[in-house]
Amino acid sequence: MKETRVKVQVIPVTEGVWCFRRPSYFACSYLVCADADVFAVDVGMNSDAEDFAQGLNELGIAPNRLKAIFLTHWHNDHSAGAASLKRRFGVRVYYHGGDEPSFTRQTASRGVRNWLGKHVPEEGILVLLRGLLEEAAPEAVAADHLVADGEIIEKEFRVLATPGHTTGHVAYMHEPTRTLFCGDALAVVAGRLRLMARPVTLDLSAARASALKCLGEDARFICPGHRGPLTGDVSQARRRLLEYLEAGGRWPLLG
Ligand SMILES: [Zn+2]
């Protein structure tokens, strides 16, 4: 009998919200069930979306219930499965125009660099290297809608433009549960809020402003792009990082 490798761990966040975490890189996608509709925030890391499908299967949710995918940014560990899910199930895809050239592969590298990128496995600690070498999402994916700062999408989600980690990075606030899906605008490490590592941050001053913007939101839960959600002592964790940044705290090398 063929053994199915565990590609995701399913972690509950709050009622109707789950985190799908890949144990090989701790990259997180999220699922929000609102009545009959199901939404996803980020769908890395496998371009066949097999990892994401495993999470849905564990929750007993048929993939054709997925209505929309909200992408925080183009990096493949966040976006790789979007093209496949859109093609197979007609899922609507939302992202910001600032990352559109990378989502649609207009920026894709050529030659040896691209060849090398395609040979980086879609699992494990090197996964992001694949995207960075290819300089684009693994498969072109068009947006059904380009989001704008402050916009409400699919009735319950508010868009926050949070550039810095990438040009078109965005966060999404799920208003009914006050869950902030912050992508790589913030990191959570051992129950504390942190900044992402400096080498993977494109524009430090924009990223700092975006981190402050996220911290200013009255979120009950914070769901970052890696490691796992912050569900306890959120306001204290927010205050601690806010104070650090407001005091001019330096951007640590490793986040
Ligand atoms: Zn990223």
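Preceding block: the structure.
Described in the following lines is the structure provided in the data block. Keep in mind it's a predicted model, so treat the numbers as computed, not measured.

1. Structural notes on the overall build of the chain
And step 1. For the chain, the helix and strand inventory stands at eight helices and 14 strands.
And step 2. The C-alpha radius of gyration computed for the chain amounts to 17 Å, which stays within 12% of the reference 18 Å derived for 255 residues, consistent with globular compactness.
And step 3. Considering only C-alpha atoms, the chain reaches an extent of 55 × 45 × 35 Å along its principal axes.
And step 4. Of all 255 residues assigned to the chain, the portion counted as buried reaches 52%.
And step 5. When contacts within the chain are restricted to residue pairs at least 6 apart in sequence, long-range pairs at least 24 apart make up 65% of them.
And step 6. Entry remark: accessible area of the chain is about 11300 Å², with carbon and sulfur atoms responsible for 53%.
And step 7. One finds the centroid of the 30 positive side-chain charges in the chain at a distance of 4 Å from the centroid of its 30 negative side-chain charges.

2. Things to note about the side chain of Glu134
And step 1. Within the element layout of this structure, Glu134 appears in helix H6 (residues 127-134).
And step 2. Leave out the neighbours within four places in its chain, and Glu134 touches Arg105, Thr107, Ala108, Ser109, Asn114, Gly117 and Lys118.

Cut-offs and rules
- Residues numbered from 1 in each chain as written.
- Predicted model: local features only at pLDDT ≥ 70, side-chain atom pairs only at ≥ 80, totals over all residues.
- Heavy atoms only, no water.
- Helix = DSSP H or I, 4+ residues; strand = E, 2+ residues; numbered from the N terminus.
- Rg over C-alpha atoms; globule rule 2.2 N^0.38 Å.
- Buried < 20%, exposed > 50% of the residue type's maximum accessible area, 1.4 Å probe, protein only.
- Contact = heavy atoms within 4.5 Å.
- Areas by Shrake-Rupley, 256 points an atom, 1.4 Å probe, with all protein chains shown as cover.
- Lys, Arg positive; Asp, Glu negative; His and termini not counted.
- Charge placed at Lys NZ, Arg CZ, Asp CG, Glu CD.

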